[in-house]
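# Fold and contact review
The lines below spell out each chain.
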Amino acid sequence: MYNMEHYDGENDYMQQEDDWDRDLLLDPAWEKQQRKTFTAWCNSHLRKAGTQIENIEEDFRDGLKLMLLLEVISGERLAKPERGKMRVHKISNVNKALDFIASKGVKLVSIGAEEIVDGNAKMTLGMIWTIILRFAIQDISVEETSAKEGLLLWCQRKTAPYKNVNIQNFHISWKDGLGFCALIHRHRPELIDYGKLRKDDPMTNLNTAFDVAEKYLDIPKMLDAEDIVGTARPDEKAIMTYVSSFYHAFSGAQKAETAANRICKVLAVNQENEQLMEDYEKLASDLLEWIRRTIPWLENRMPENTMQAMQQKLEDFRDYRRLHKPPKVQEKCQLEINFNTLQTKLRLSNRPAFMPSEGKMVSDINNAWGNLEGAEKGYEEWLLNEIRRLERLDHLAEKFRQKAAIHEAWTEGKEDMLQKRDYETASLSEIKALLKKHEAFESDLAAHQDRVEQIAAIAQELNELDYYDSPSVNARCQRICDQWDALGALTQKRSEALQRTEKLLETIDQLYLEFAKRAAPFNNWMEGAMEDLQDTFIVHTIEEIQGLSAAHEQFKATLPEADKERLAILGIHNEIAKIVQTYHVNIAGTNPYTTINPQEINAKWDKVRQLVPQRDQALIEEHARQQNNERLRRQFANQANVIGPWIQTKMEEIGRISIEMHGTLEDHTPDPGNQLQHIRVGWEQLLTTIARTINEIENQILTRDAKGISQEQLNEFRASFNHFDRDHSGTLGAEEFKACLISLGFDIANDAQKRTGIMDPEDFKTCLISMGYNLGENEFSRIMSIVDPNRMGLVTFQAFIDFMSRETADTDTADQVMASFKVLAGDKNYILADELRRELPPDQAEYCIARMAPYTGPDGVPGALDYMSFSTALYGESDL
């Protein structure tokens with residue numbers, strides 16, 4: 001015989017008022033409610049084993065279904081039952097069931113197996129109530145309350161927001177049915193329109209709640225509405241049993257909701273990371289494609305023929321520098337930021353590091369960018385050299401045209417003059433005049449030889465410099481040379497004719513001849529001087545203008561001698577005039593030997609004297625301009641020597657911000673183009689460093705907040721990192737990183753081998769001894785593969801913080817996600833598509849269905865999906 005008494009803190013509500021031995025009788029209404037409720041409760045479990053009971057005191061008499069009920073609700077196996085039909089067999093089975101109940105900590109008093117076998121309704125109901133208490137209610141606890149109080153407190157909290165509901169007990173508080181409806185609406189609002197319920201219609205309320213619970217919540221109908229409404233005080237145990245079924249139904253739903261939330265969170269992280277990977281790949285592809293298209297344009301060295309075309313190329317290059325390249329600099333910087341942010345998020349969510357497609361690593365992009373910068377610098381130098389070349393060509397071409405025009409003007413009519421046969425009918429004096437005139441022409445012809453040679457030399461230089469209009473230059477030069485050869489031949493022919501005639505004629509006036517001989521070269525010298533004095537000059541340095549000034553000074557030094565020659569020539573003419581005046585010589589016309597007259601000589605001499613000071617002034621002004629250019633170049637160099645170190649200093653300061661939180665230009669005057677390039681690159685690097693530092697700080701904040709790391713821990717990690725970052729580079733070498741881990745208490749045992757790295761070996765050994773640790777190469781290699789996945793041999797502060805965060809903080813794991821899927825699957829080893837669609841948001845459910853492999857286990861069904869391999873794939877432990 002057993003007297004039932006729960007052993008573990010439940011005596012506070014199982015006192016004498018609940019003792020079944022008090023009067024050996026039950027209130028008939030309560031007995032009816034308990035019989036119905038307990039029967040339904042037992043059947044809700046027995047149906048899992050494919051059976052049920054009809055009469056609670058009759059169907060448990062042989063003990064077989066009683067033992068089966070206990071096995072179903074406990075999940076344990078009981079002793080093997082007796083299969084005989086005799087009373088002794090039945091008593092043995094019931095005793096096995098009672099012994100099992102007692103083994104769960106329940107003391108049974110006044111209940112014997114014989115009474116159950118005999119069909120004692122009171123004892124049978126009392127035994128079932130004991131089972132319900134132990135397996136359905138005992139484990140319910142809210143804020144450390146007892147089971148009964150915990151269940152009551154749960155009901156009060158769930159129904160608190162609902163009007164006309166005031167749960168104070170497990171009898172009359174439930175009579176109007178609103179309490180049951182409120183529990184359902186609180187957890188499944190789509191099942192009941194609570195606003196339409198009335199407190200004065202308990203039958204409708206109770207039937208609505210019981211029908212909905214049976215249809216949608218898999219809670220069997222344990223009571224009839226009439227049983228509750230028609231009883232002044234419904235049976236407490238029946239109500240508790242019914243309400244506990246609601247608790248367990250919604251508790252399971254809450255567990256499934258929690259599991260679904262965990263899965264949704266993990267899937268959202270995975271989907272976000274996949275999007276970031278796609279964005280990185282696209283941005284990297286676009287940037288590399290732009291670099292691929294731009295480099296050939298910068299490497300094109302096909303020169304243009306005209307200065308205007310080359311100036312347009314230079315303007316296009318400046319547009320590239322000013323408009324096209326800056327956005328790409330921003331894209332490159334943003335690409336690095338996106339890559340670092342993605343890697344941080346992957347580490348925070350326990351995912352493997354992201355490895356971009358081949359050729360799209362950050363290092364690949366940096367290499368491509370370096371090639372772009374190299375091509376850009378070479379292109380700019382080529383453009384400037386080409387422009388200088390074209391300037392030189394334009395100058396030479398203009399000089400060629402001027403000399404050719406002067407020469408062609410001089411030769412005009414000379415062939416006709418040399419071909420005249422006027423000497424055949426000339427008088428003696430005329431013959432002498434023609435002969436002397438021809439001799440003067442020969443002197444003039446010889447004087448023009450230099451100009452012809454200069455023209456040919458300029459044409460040759462234009463050919464060597466690949467002048468675009470070389471064919472026309474060559475043709476004109478060839479015409480001049482051919483004409484010059486013809487003039488020489490004609491001159492020789494006429495000279496021979498005059499010399500033959502000279503023998504027949506008398507001597508010609510020597511003074512005219514002397515005048516002609518001296519006036520012709522002097523006139524040619526003056527023309528050359530005027531040409532040189534009016535010649536344009538293009539210089540780029542002060543040395544070049546100084547050279548021109550020196551040559552001009554040398555020319556001016558020859559003027560006194562030239563003036564003497566002029567006076568001498570004029571003296572000859574004066575002497576002729578004196579002779580004519582003195583001896584009254586009658587001569588007609590001008591000097592027969594030359595067309596040059598004293599007025600022309602004086603006019604040209606005056607022109608030369610006028611051009612000399614103009615040339616002086618032009619040289620002085622050019623000299624002043626070159627001096628000003630030199631001053632500007634030196635001023636630019638001084639400014640560059642200031643801004644260069646300033647940029648370097650700011651870059652170092654910005655570099656230290658993310659970790660601590662807390663070469664000069666050459667002495668000689670550099671080329672301004674190269675200096676400007678150096679400053680521009682430095683400025684772009686400064687902007688990139690600032691953006692990268694801001695991103696590193698944001699990632700550290702993200703790491704701290706996501707991992708729950710305290711500010712004190714973050715400060716400790718930063719101080720350790722800074723201590724071993726002795727070159728303030730913001731990175732640690734492998735050995736420095738190992739020493740830093742040891743200083744934070746990592747025991748990575750054990751290997752006596754020590755290799756020299758960036759850190760001094762003796763310092764490293766001292767650090768190991770002071771901390772009492774040995775670092776094994778295998779364990780350390782594992783850690784290095786995490787913090788340095790690209791095997792660069794350096795550990796950044798961000799990678800260090802991510803590793804420490806992972807070691808010190810709790811995160812979702814593949815096992816946790818797998819356990820959550822198991823909850824949604826109802827403890828099965830597989831899950832169905834319909835279950836995923838029911839428990840997860842549509843997009844995430846389809847995400848899982850598309851990626852889960854079919855389940856191949858022996859317990860599978862058609863359409864079963866393998867959530868276990870999917871969970872491990874989410875964390876990089878297998879292929880997704």
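Residues numbered from 1 in each chain as written. Predicted model: local features only at pLDDT ≥ 70, side-chain atom pairs only at ≥ 80, totals over all residues. Heavy atoms only, no water.

## So, the environment of Y242
- For Y242, the location among the structural elements is in helix α11 (residues 236-299).
- A C-alpha to C-alpha distance of 6.5 Å links Y242 and M222, two positions 20 residues apart in sequence. (Helix = DSSP H or I, 4+ residues; strand = E, 2+ residues; numbered from the N terminus.)

## What about the side chain of E376?
- Looking at the secondary structure, you find E376 in helix α13 (residues 362-411).
- The class of E376 is buried, set by a relative accessible area of 0%.
- In terms of polar contacts, E376 uses its side chain to reach the side chain of Y320, at 2.9 Å. (Buried < 20%, exposed > 50% of the residue type's maximum accessible area, 1.4 Å probe, protein only. Polar contact = N/O pair within 3.5 Å; in protein donor to acceptor, adjacent residues only side chain to side chain.)

## Some words on the packing of aromatic side chains
- Scanning all chains against the criterion turns up 25 aromatic pairs.
- An aromatic cluster of at least three residues, connected via ring pairs, comprises F170, W174, F180, F210, Y242, F246 and F250.
- Seen from the ring of W410, K414 lies directly overhead, with NZ or CZ sitting 4.8 Å from the centre. (Phe/Tyr/Trp six-rings, centres within 6.5 Å; stacked < 30°, edge-to-face > 60°. Lys NZ or Arg CZ within 6 Å of the ring centre and 35° of its normal.)

## So, the packing of helix α28 (residues 814-824) against helix α31 (residues 867-874)
- Across the interface, α28 lies against α31 with an axial gap of 8 Å and an inter-helix angle of 150°. Taken together, the axes of α28 and α31 are roughly antiparallel relative to one another. Crossing handedness for the pair α28 and α31: right-handed. Taken together, the residues of α31 that come into contact with α28 (itself represented by A814, V817, M818, F821 and K822) are Y867, M868, F870, S871, T872 and L874. (Axes fitted to C-alpha atoms, helices over the stretch in contact; angles between N-to-C directions. Parallel < 35°, antiparallel > 145°, perpendicular 65-115°, else oblique. Left-handed = near helix turned anticlockwise from the far one by under 90°. Contact = heavy atoms within 4.5 Å.)

## A look at the pattern of salt bridges
- Per the stated rule, a full pass over the model turns up 49 salt bridges.
- With a shortest N-O distance of 2.9 Å, R401 and E398 are connected by a salt bridge. With R401 and E398 both in helix α13 and three residues apart, this pair spans about one turn of that helix.
- According to the relative accessible area criterion, R401 is partly exposed, its value standing at 36%.
- With a relative accessible area of 34%, E398 lands in the partly exposed category.
- Note that E531 and R451 form a salt bridge whose closest N and O atoms lie 3.0 Å from each other. Note that E531 is positioned in helix α18 (residues 510-534) and R451 in helix α16 (residues 449-464), a separation of 80 residues in sequence.
- According to the relative accessible area criterion, E531 is buried, its value standing at 17%.
- You can call R451 buried: its relative accessible area is 8%.
- One connected set of salt bridges, linked through shared partners, spans K32, K36, D224 and D227. (Salt bridge = Lys/Arg side-chain N within 4 Å of Asp/Glu carboxyl O.)

## So, the nonpolar core
- Judged by nonpolar contacts, the single largest core of 76 residues is most densely connected at I128, I131, F180 and I184.
- Per-element tally for this core: the top contributor is helix α6 (residues 121-137), with 11 residues.
- Filtering out sequence-adjacent residues up to four positions away, I184 remains in contact with P189, L191, I192, A209, V212, A213, L217, F246 and F250.
- Core analysis: the second largest hydrophobic core is formed by 43 residues, M307, F339, L390 and A459 among them. (Core = buried A, V, L, I, M, F, W, Y, C linked by side-chain atoms within 4.5 Å.)

## Here we look at the confidence of the model for the chain
- Confidence along the chain averages 80 in pLDDT terms, with 84% of residues attaining 70 or more.
- In this model residues 1-25 is a low-confidence stretch, pLDDT under 50, and it forms 66 contacts with partners more than four residues away in sequence or in other chains.
- Counted against residues more than four places away or in other chains, residues 748-775, with its pLDDT under 50, gives 50 contacts. (pLDDT = per-residue confidence, 0-100.)

## What about the environment of D802?
- Among the structural elements, D802 can be located in helix α27 (residues 797-808).
- A C-alpha to C-alpha distance of 9.6 Å links D802 and I786, two positions 16 residues apart in sequence.

## Comments concerning unusual backbone geometry
- Positioned with a positive phi, N164 is a non-glycine residue whose angle comes to about 65°.
- Judged by its relative accessible area of 44%, N164 falls in the partly exposed class.
- For N350, which is not a glycine, the phi torsion comes out positive at approximately 65°.

## Considering the state of the cysteines
- Tallied over the full model, the rule gives zero disulfides.
- Its sulfur unpaired, C264 is 8.1 Å from the next cysteine sulfur, which belongs to C848.
- Looking at C848, the relative accessible area reads 0%, which means it is buried. (Disulfide = S-S within 2.5 Å.)

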